[in-house]
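Fold and contact review
In case you want the letters, here they are:
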Amino acid sequence: MLSPEFGHFTLALACCLAGAQFIVPLMGAKVKNNRLMALASPLAWGQFMALTLAFACLITAAVTDDFSVLNILQNSAADKPLLYKITGVWGNHEGSILLWAFILALFGAIVSAYSHHLPLSLRAKVIAIMGGSAAGFELFCLTTSNPFLRVWPAPLDGQGMNPLLQDPGLAFHPPILYMGYVGFAVPFAFAVAALLEGKVDAAWGRWVRPWTVLAWALLTCGIALGSWWSYYVLGWGGYWFWDPVENASLLPWLTGTALLHSALVVEKREALKIWTILLAIGTFSLSLSGTFLVRSGILNSVHAFASDPARGVFILLLLAAISGGALLLFAWRAPNLTSTGIFTFFSREGSIVLNNILLCTMAAVVLTGTLYPPFVQLINGQTLSVGKPFFDNALIPIALFLFLVMAIGPVIAFKKGNIQQTFKTLSIAAGLSIICTIIAFIYLHQIFPSLATGLSIWVILSACSDFIRHIAFFKTSLGNSVKRMIGLPRAFYASYLAHIGVAITILGIVGMAASQQKIVEVPINTTIHLAGYDWTLTNIEDRQGANFIATEAVIKISKNGKVVTWMFPARHYFDRQKQVVTDVAIHTNFISDLYAVLGDSKNSTQSTPLFVLRLHYNPLAPWIWMGGFIMAIGGFITLTDRRFRIGTPAQRKKVKEA
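Fair warning: this is a prediction, and the values are worked out from it, not measured in the lab.

**A word on the overall build of the protein chain**
- Summing up its helical and strand segments, the protein chain has 20 helices and 10 strands in all.
- The principal-axis extents of the C-alpha atoms in the protein chain amount to approximately 100 × 70 × 55 Å.
- Here the protein chain, with 658 residues, has 55% of them falling under the buried criterion.
- Taking as baseline every contact in the protein chain between residues at least 6 positions apart, the subset at least 24 positions apart corresponds to 73%.
- About 29,200 Å² of surface is accessible on the protein chain, with carbon and sulfur atoms providing 66% of the total.
- Averaged over its 44 positive side-chain charges, the protein chain has a centre that lies 18 Å from the centre of its 29 negative ones.

**Some details on the pattern of salt bridges**
- Counted by the stated rule, this structure contains 15 salt bridges.
- Where R576 meets D157, a salt bridge forms, and the shortest distance between an N and an O atom there is 3.0 Å. Taken as a pair, R576 in the loop between β6 (570-574) and β7 (579-583) and D157 in the loop between α7 (120-143) and α8 (168-183) lie far apart in primary sequence, 419 residues in all.
- Three or more residues are tied together by salt bridges with common partners; here these are E5, D66 and R150.

**So, a nonpolar patch on the surface**
- Together, I468, F473, F474, L478, V482, M485 and I486 line one region of the surface with nonpolar side chains, adding up to about 690 Å² of accessible area.
- Residue contributions to the nonpolar patch peak at 4 residues, all from helix α18 (residues 478-487).
- Checked against the element boundaries, F473 lands in the loop between α17 (447-470) and α18.
- On the accessibility criterion, F473 (32% relative accessible area) is partly exposed.

**Topic: the nonpolar core**
- If you look at the biggest cluster of nonpolar residues, it comprises 167 residues, and the most contacted ones within it are F190, W204, I277 and F403.
- At 15 residues, the largest contribution of residues to this core is made by helix α10 (residues 202-232).
- The residues contacting W204, other than those within four sequence positions of it, are F190, A191, A194, V266, T276 and I277.
- One finds I555, I557, A596 and L613 within the second-largest nonpolar core, a separate group that totals 20 residues.

**Some details on the pairing of β7**
- Across 5 bridges, the pairing between β6 and β7 is antiparallel. Within β7, the position partnered with A570 by the bridge is D583.
- Adjacent in sequence and paired antiparallel, β6 and β7 are bridged by 4 residues, among which K578 carries a positive phi angle near 55°.

**A closer look at the packing of helix α6 (residues 93-113) against α10**
- Two elements in contact, α6 and α10, have axes whose closest approach is 13 Å; the angle formed by their N-to-C orientations is 150°. The angle between the axes of α6 and α10 places the two elements in the roughly antiparallel class. Note on packing geometry: the crossing formed by α6 with α10 is right-handed. Counting all contacts with α6, which are made through F107, I110 and V111, the residues of α10 involved are W211, L214 and L218.
- Taken together, the residues that form the contact of α6 with α10 break down as 6 nonpolar, no polar and no charged.

**Some thoughts on the environment of Y533**
- Secondary-structure assignment places Y533 in strand β3 (residues 533-544).
- Its relative accessible area of 11% is what places Y533 among the buried residues.
- A C-alpha to C-alpha distance of 52 Å links Y533 and I315, two positions 218 residues apart in sequence.
- Ignoring sequence-local partners within four residues, the contact set of Y533 consists of I528, I557, S558, K559, V564, L594 and Y617.

**Re the packing of aromatic side chains**
- Applying the stated criterion across every chain, the model contains 27 aromatic pairs.
- Pairing W100 with Y178 gives two aromatic rings, centres 5.5 Å apart and planes at 65°, and the pair type is edge-to-face. Within this pair, whereas W100 is found in helix α6, its partner Y178 is found in helix α8, the two being separated by 78 residues in sequence. Comparing W100 with Y178, the two get one shared label, buried.
- Measuring from ring centre to ring centre gives 5.2 Å for F390 and F391, while their planes differ by 75°; the resulting arrangement is edge-to-face.
- The exposure class assigned to F391 is buried, which follows from its relative accessible area of 1%.
- Aromatic ring contacts, followed pair by pair, group W45, F48, F55, W90 and F102 into a single cluster.
- Just above the ring of F414 sits the side chain of R348; from NZ or CZ to the centre is 4.6 Å.

**Re the side chain of N618**
- Considering the arrangement of structural elements, one finds N618 in strand β10 (residues 609-619).
- Taking relative accessible area as the criterion, N618 reaches 0% and is therefore assigned buried.
- Every residue in contact with N618, bar those within four places of it in the chain, is listed here: Y231, G237, M512, S515, S592, D593 and Y595.

**A word on unusual backbone geometry**
- Omega for the peptide link from W152 to P153 comes to 0°, which places this bond in the cis form.
- Mapping P153 onto the fold places it in the loop between α7 and α8.
- One non-glycine residue, K415, lies in positive phi territory at about 70°.
- Position of K415 relative to the elements: it lies in the loop between α15 (388-408) and α16 (419-444).
- Residue class for K415 comes out partly exposed when judged on its relative accessible area of 46%.
- We note that N525 has phi near 70°; this positive angle belongs to a residue other than glycine.
- As for its position among the elements, N525 is in the loop between β1 (516-522) and β2 (526-530).

**Some details on α8**
- Helix length check: α8 (16 residues) gives 23 Å between terminal C-alpha atoms against 22 Å at 1.5 Å per residue, within 8%.
- Most of α8 is tucked away: 12 of the 16 residues are buried.
- The complete set of buried residues in α8 reads G169, L170, A171, H173, P174, P175, L177, Y178, G180, Y181, V182 and G183.

Definitions and cut-offs
- Residues numbered from 1 in each chain as written.
- Predicted model: local features only at pLDDT ≥ 70, side-chain atom pairs only at ≥ 80, totals over all residues.
- Heavy atoms only, no water.
- Helix = DSSP H or I, 4+ residues; strand = E, 2+ residues; numbered from the N terminus.
- Buried < 20%, exposed > 50% of the residue type's maximum accessible area, 1.4 Å probe, protein only.
- Contact = heavy atoms within 4.5 Å.
- Areas by Shrake-Rupley, 256 points an atom, 1.4 Å probe, with all protein chains shown as cover.
- Lys, Arg positive; Asp, Glu negative; His and termini not counted.
- Charge placed at Lys NZ, Arg CZ, Asp CG, Glu CD.
- Salt bridge = Lys/Arg side-chain N within 4 Å of Asp/Glu carboxyl O.
- Patch = residues over 30% accessible without salt bridge, like charges linked within 9 Å, V, L, I, M, F, W, Y side chains within 5 Å.
- Core = buried A, V, L, I, M, F, W, Y, C linked by side-chain atoms within 4.5 Å.
- Pairing = 2+ DSSP bridges.
- Axes fitted to C-alpha atoms, helices over the stretch in contact; angles between N-to-C directions.
- Parallel < 35°, antiparallel > 145°, perpendicular 65-115°, else oblique.
- Left-handed = near helix turned anticlockwise from the far one by under 90°.
- Nonpolar A, V, L, I, M, F, W, Y, C, P; charged D, E, K, R; others polar.
- Phe/Tyr/Trp six-rings, centres within 6.5 Å; stacked < 30°, edge-to-face > 60°.
- Lys NZ or Arg CZ within 6 Å of the ring centre and 35° of its normal.
- Expected span 1.5 Å × (residues − 1).

As structure tokens, then:
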């Protein structure tokens, strides 16, 4: 039943249904035919079910070792563990595009299920726009990236998967990251539908915000998982390389964060309408641009899937059709979207505007640094390298100013803030933060890390100060404070968590700036001293893995004569691919990491084997990912707020007093 031919057929069926999902509801909206508009939901569900069957067929081929399927032949092998046979389905170009289309269809079905409270015309247009986007990717699968192509005669075994991808972290990183990327298709569809409708109001802001929060939280998780994978698999001791494909995931996160805040202003004040629409279009366009960068071959990256020009041209045309079409519509209809809300510069809305400017400026810097080298190479053939020094020097000052706004903005009232009240709320937090900055400078002797430390502490303390103010702690009885605390909406707590998560991540990055490391060549039974710890190489052992041979070091870590832990860094040799992959050993107490990597062995003139060890002491390193997941948890908590489940904002009736 679940054969590759059946999968190919259901993929083609899904493409046809997606095309109908795009055309039929829009025709219905054009002629005001409710029956045609009502077909949007069944077509979305039909497309989703067809793609589910197609995806199941590809997974079945992988699990059953059907090496007559070219995709399985090139990316799997009989001795590969079952988990990686399944996850390897999306660890290649063809499978990843099918996964993208599947997730896009999934979101279309979810929107269909949870949008019955929307006006029928708007609902039909939103689902139709998502169907058009899905049709493009499914057509891409069928034409240049078919995952069901057969080979004959079928080999007895496959070529195997890239050993770097045979890791649990990277197995689940792509689906979560893609859900973040594709999730921004929903705000994009709402934006295009709003342009077609010619109406953006508080209700629209209420409808679009949960989908933006969901996509942002998923993208945050995906980026955090990818950074963690880079840290513990690649063995270089870092968490972010400013790789172009890493940057491609950061870009929609930055603009998506701006969109998240801007949609709040639309909901609260019916202001920033044009800006919010543009951010929704831009964020999804940047998600699509990341797909183009990975698959066009214009960038060299450990993350890149393909370098086929035909695929790159197709993605570029798809990007031009989706993003270009939306921007043309925006240029035509946006002038009609007038804002009715009024607010002063010193207000919550004003701080959000400044926040958006800073986030988009950072996105512009990252985009420039990422695309400038290939652009120069295309023009004159000159090879340029833009790396960490450029991004650090360009982004850190902007980021520091952003943290300053993050601490002040949430404390200011909507519409018109009170400068005196804001200063009163933040004065203690500001004083403590200045003290922390001075202490950090005494320890680090660096101005930017010290400022980042102080501002991060200020973000945390300002959130705590605002919370204390809201529950009237110290100003009323404990019972009343508890009642106030219980009465606060969940989204209120979620915003605190998200901001605190950012601060924790920044503190982790600052801690990594103070890391210590040594690279040594030593024989067995040698002790190395680093960061107050004694690292003793006690033995080197060989063992057989599932589809690799491991050379494993045994390192005893002690401090003040007491054993702290044992670490087992290793090197895995995959004979099929003739490739060696490091297996990093990490011991953490969530305040710092002890990090060990085993390198190549060497022989001295006395025939004593020497082994290369890279040893790191990384203070606050776990906070980088803890902060990321705290941010995401804040986003998910926001989605549980009942205000997102009651439909449109209630219109208050004016009642004249007698």
